[in-house]
Each structure stands twice: as structure tokens, then as C-alpha cells.
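Coordinate inspection notes
Next come the chains, spelled out residue by residue.
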Amino acid sequence: MFRPSLILLIAAATLLSPMIALAGPYTILHVFLQNQEHPSSGFVLDSAGKAYGTTFVGGPKNAGTIYQLSPTTGFHSIYTFSGPDGSNPIGNLAIDLNGDLYGTTNGGGTFSCGENLGCGTVFRLSPPRNGGTSWTESVLYDFTGGGDGWNPVTGVILDQDGNLYGVAPVGGEFQCGVVFELVPSGNDQWMQQTLYSFTGDGCNPRSSLVLDSEGNLYGTTEIGGTWNGGTAFQLSPTPDGQWTYNNIYEFNQYPKDAGAPESGLTFDSMGNLYGTTLGGGVNGWGAVFELMPSGGNWTESILHSFASGNDGAFPRSDLTFDAAGNLYGTTWNGGPNNYGTIYRLKPNQNGMWTETVFVMGTGVLGAQPNGPLLLDGKGRAYGTTYEGGRNKNGQIGWGVIFRLNIGK
């Protein structure tokens, strides 16, 4: 198994700036400092190739920010939250054809949930128009802390009709979280509907959702199910406007199954689903799994069990496919310094998967990589770390944006 040395060569220049070339295959594009801390999402791209993401805290009210990374002008903070408009944005952003960004905040908003903390929001951030220079934020929904759930952590996804879908990990009728939908209803108003309240058949959904071509939603819950090891579920729309819930797999992390998924699910071209779990696997440090549909049922296979020491531990971000069918992901911990790893899984002709580990190195390069990786099709991956980093002036960072040369 290939494991790059921790002492790496100087990186080549990148088109994005500012950047710090610290390692041959690894380049820091931005270091987050105290005014903007802890990147809390993956990237979404607009039609011009600009990337957008969030930080959990930072800004004048320390309530979090949204930033833009441009291939021509570099890094820009484009919005800072203040509390009533939401606080602590987390989860992946969605983008529509007009360039509007959609996401969730874990706190803030109109209502309070426990110790006077906000219940969270769904927001839209619109780019400057009509000659303006500022982005405009609108709160589309304030969670109340009741049957609608609260404190969303995964962002939202868009369907082709402009409807938004997401999950809240707590609240709902049975206090196990909900799946929700927001539908535009005219005059820039949005109607919220709770599609499903988890009953213990799944509980604590902390993953992003994914849609198939027939409009079915798929996701995971961290706990719940028969063995309380979490679930993978499907929600299917019916002609009468209702939704049908089905657990397509229940995880049982003991003795060797996967367990406690926090990542979302990723489709391949054949309709199989892939994801990761925080626990389970042969060594108990998490696993990568595949779910294959067959005759109305789904069969699970463990593709890789993490061993903690070198190849990482506790994977929690979504997986990404490249054009060749290889899977890429990150682990929150593990590696030689326990700062997490970036890995690739390559399928073999015999049905097995071979792992390659790209080691993060030290906290100077970032720690705890989070969010799904963005691949550019040219042998490069982009992502963020929640902690670590140091800029060219020696200032300690609170997370980084990085580029990794992964080859083809």
C-alpha cells in the first residue's frame, strides 16, 4: 500500500490564490484565522467555476460566515451571520441556476431550543444584482423546536422543481429527528412540510440526502434500527402527495458489520449506494460500505475496514467518485499523527478494493479533514480541514482549504 512520506517536496503553483506550497502533492490554498474559523461544509461550484463554502464560527458576531474561492481573485468572505438570520452554518450548500446559494444554520433564528440557543434556519444567499456589490440573505424557514425538528447540520439539496430537502437530527414527534421539504409558494414565500418523523426505526439523521431519477430520497441515521447501529433509508413520493418510508438496511456494528453512519449516500452509475460509518468494521474504527439493490431488497458489502494506525479512523464525510470509478473520502482521525487522512479506494477485477492513503502529515497542514472532496477531473482534489494550518506569516490557523494532487 502506498503511503507518501511526511516530508514532502515543494508544490507546483496553483491557479487559485492566495496559497502556501507546503508539500509536493499537497498545497494550502487558504488558512482560516480567528475572524473566520472552522470550515463546515464541502464546496459547491457556480457556472464560472467559483467555489463556495461555510465556516461554523467567525465574523463580528462569531456566528459563522459564507465564503467564495475564485480561480482569478482568490478568497473572499461574502456573508457573515449575526444570529437572527441564523448562526453556525453547517452542511453542504446547494446552488440554483440563478447562482443563489441555499443552506442550513445549526443555531440562530427566531425560536429558542434549550439554554436559549436558536433552533436553526434554512437560508438563501443571493448574489449581487442590478449593479449591486453585496450578497443578500433571506431566512426561508425558522425551525421551532417542535414537530419540525431543530438544529439541522447537513445543509439542503434541490430538486429540478426548485424544492429543498433536508434533515434535522433532533426533534420531531418522537424526538428522533425528521426529514423536511421546503416548497416555494409564490411572493418569495416557502411552505415547510415534515415528510417523516423518525420513530426509532432510525434516529439522529446527520447525513445529507440524495435523490434518484424517480424522485426518491435516500439518507442515513446515526442510531436506531433493530440493533441501534443506524440505518440507510428511502423515502418515496406517492401520487396522493404522501411519502412512504422504508429502511433499506439496518447496521449491526457487532461483531464486524459497519455502524453509526454520519455520511450521506453516493450513487454509482448502476444504482448502487456507497457510504461510510463512524464505527464497526473488522477493527471497530469505521468502514466503507456498498448497498446493492436486488428484487426490492438491498444487500450490504463492506469494502474497507479502517485500522486506525495508518489508514485513518472515524470517517464521517460523503464519498466522491472519479470518472474511473475510484472512491475518495476522508477520515476525521487516524494517520501517524491522528490528524486524519485522505484516501482512495480502487476496485479490482476480482471484486476487491485497494486502498491508497494520502497522509495529512502534521497539524501545520491541517487537521480533521471534513466535507466531501471536490475532484476537478485533472488529477486534483480540493477540500477543507476543520482544524489546523499555519499561514506564511506563521499565524496558527483554524482550518484550511487544500488542494491534493491525486493522479489519474
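First things first, this report covers the structure right here in the doc. All of these numbers come straight from a predicted model, not from anything done at the bench.

1. Looking at the overall build of the chain
In terms of regular secondary structure, the chain is built from zero helices and 32 strands. Taking 408 residues into account, the globule formula puts the C-alpha radius of gyration at 22 Å, and the chain, at 20 Å, falls close to it. By principal-axis analysis of the C-alpha atoms, the chain measures approximately 60 × 55 × 40 Å. Expressed as a percentage of the 408 residues in the chain, the buried residues total 60%. Sequence-distant contacts in the chain: of pairs separated by 6 or more residues, those separated by 24 or more amount to 44%. Accessible surface for the chain amounts to roughly 16900 Å². Of this, 51% is attributable to carbon and sulfur atoms. Each charge class in the chain was averaged separately, 16 positive and 31 negative side chains, and the resulting centres sit 17 Å apart.

2. A word on the state of the cysteines
Throughout the structure, instances matching the rule amount to two disulfides. What pairs with C113 in a disulfide is C119, and their sulfur atoms sit 1.9 Å apart. Every disulfide takes its handedness from the sign of the S-S torsion; for C113 and C119 that torsion is 95°, giving right-handed. Since its relative accessible area comes to 13%, C113 is described here as buried. Judged by relative accessible area, which is 0%, C119 ranks as buried. Counting only the cysteines that take part in disulfides, in the order they occur along the chain, gives the pairing 1-2, 3-4.

3. Let's talk about the sheet that holds strand β30 (residues 367-375)
Strands belonging to one sheet form pairs held by backbone hydrogen bonds; the direction of such a pair is parallel or antiparallel. In space, the four strands of this open sheet follow the order β1-β32-β31-β30, with antiparallel pairing throughout. The open sheet is flanked by β1 (26-31) and β30, the only strands paired with a single partner. Going across the sheet, the axis of each strand differs from the next one's by a mean of 25°, ignoring polarity. One ladder, built from five bridges, connects β30 with strand β31 (residues 380-387); its direction is antiparallel. Residue pairing for β31: L374 is matched across the bridge by Y382.

4. Structural notes on the side chain of T54
Along the chain, T54 turns up in strand β4 (residues 51-58). Here S40 takes part through its side chain, which lies 2.8 Å from a polar atom of the side chain of T54. Not counting the four nearest positions on each side in its chain, T54 is found in contact with H38, P39, S40, S41, T65, I66, Y67, P89, I90, G91 and L93.

5. Details of the pairing of strand β6 (residues 74-80)
Two elements, strand β5 (residues 65-70) and β6, share six bridges in a ladder whose sense is antiparallel. What sits directly across from S70, in β6, is G74. What sits between the antiparallel neighbours β5 and β6 is a turn of three residues.

6. Overview of the environment of L29
The topology assignment puts L29 in strand β1. You can call L29 buried: its relative accessible area is 1%. The sequence separation of L29 and R403 amounts to 374 residues, and the corresponding C-alpha distance is 6.9 Å.

7. Things to note about the pattern of salt bridges
Tallied over the entire structure, the rule returns six salt bridges. In this structure, E222 and R206 form a salt bridge, with 4.0 Å as the shortest nitrogen-oxygen distance. With E222 in the loop between β17 (217-221) and β18 (231-237) and R206 in the loop between β15 (190-197) and β16 (210-211), this pair connects stretches of sequence that are 16 residues apart. Given the relative accessible area of 28%, R206 is considered partly exposed. The salt bridge partner of R206 is E262, with a shortest N-O separation of 3.8 Å. With R206 in the loop between β15 and β16 and E262 in the loop between β20 (258-259) and β21 (266-267), this residue pair connects regions lying 56 residues apart in the sequence. One salt-bridge network, in which partners are shared between bridges, spans R206, E222, E262 and R316.

8. A word on the environment of G366
One can find G366 in the loop between β29 (353-359) and β30. Look at G366 and you get buried, because its relative accessible area is 0%. Taking C-alpha positions, G366 is 34 Å from N98, a pair spaced 268 residues apart along the chain. G366 has contacts with Y26, Y339, M360, T385, E387, G388, G389 and V400, leaving out every residue within four places of it along the chain.

Quick notes on the rules
Residues numbered from 1 in each chain as written. Predicted model: local features only at pLDDT ≥ 70, side-chain atom pairs only at ≥ 80, totals over all residues. Heavy atoms only, no water. Helix = DSSP H or I, 4+ residues; strand = E, 2+ residues; numbered from the N terminus. Rg over C-alpha atoms; globule rule 2.2 N^0.38 Å. Buried < 20%, exposed > 50% of the residue type's maximum accessible area, 1.4 Å probe, protein only. Contact = heavy atoms within 4.5 Å. Areas by Shrake-Rupley, 256 points an atom, 1.4 Å probe, with all protein chains shown as cover. Lys, Arg positive; Asp, Glu negative; His and termini not counted. Charge placed at Lys NZ, Arg CZ, Asp CG, Glu CD. Disulfide = S-S within 2.5 Å. Pairing = 2+ DSSP bridges. Axes fitted to C-alpha atoms, helices over the stretch in contact; angles between N-to-C directions. Polar contact = N/O pair within 3.5 Å; in protein donor to acceptor, adjacent residues only side chain to side chain. Salt bridge = Lys/Arg side-chain N within 4 Å of Asp/Glu carboxyl O.

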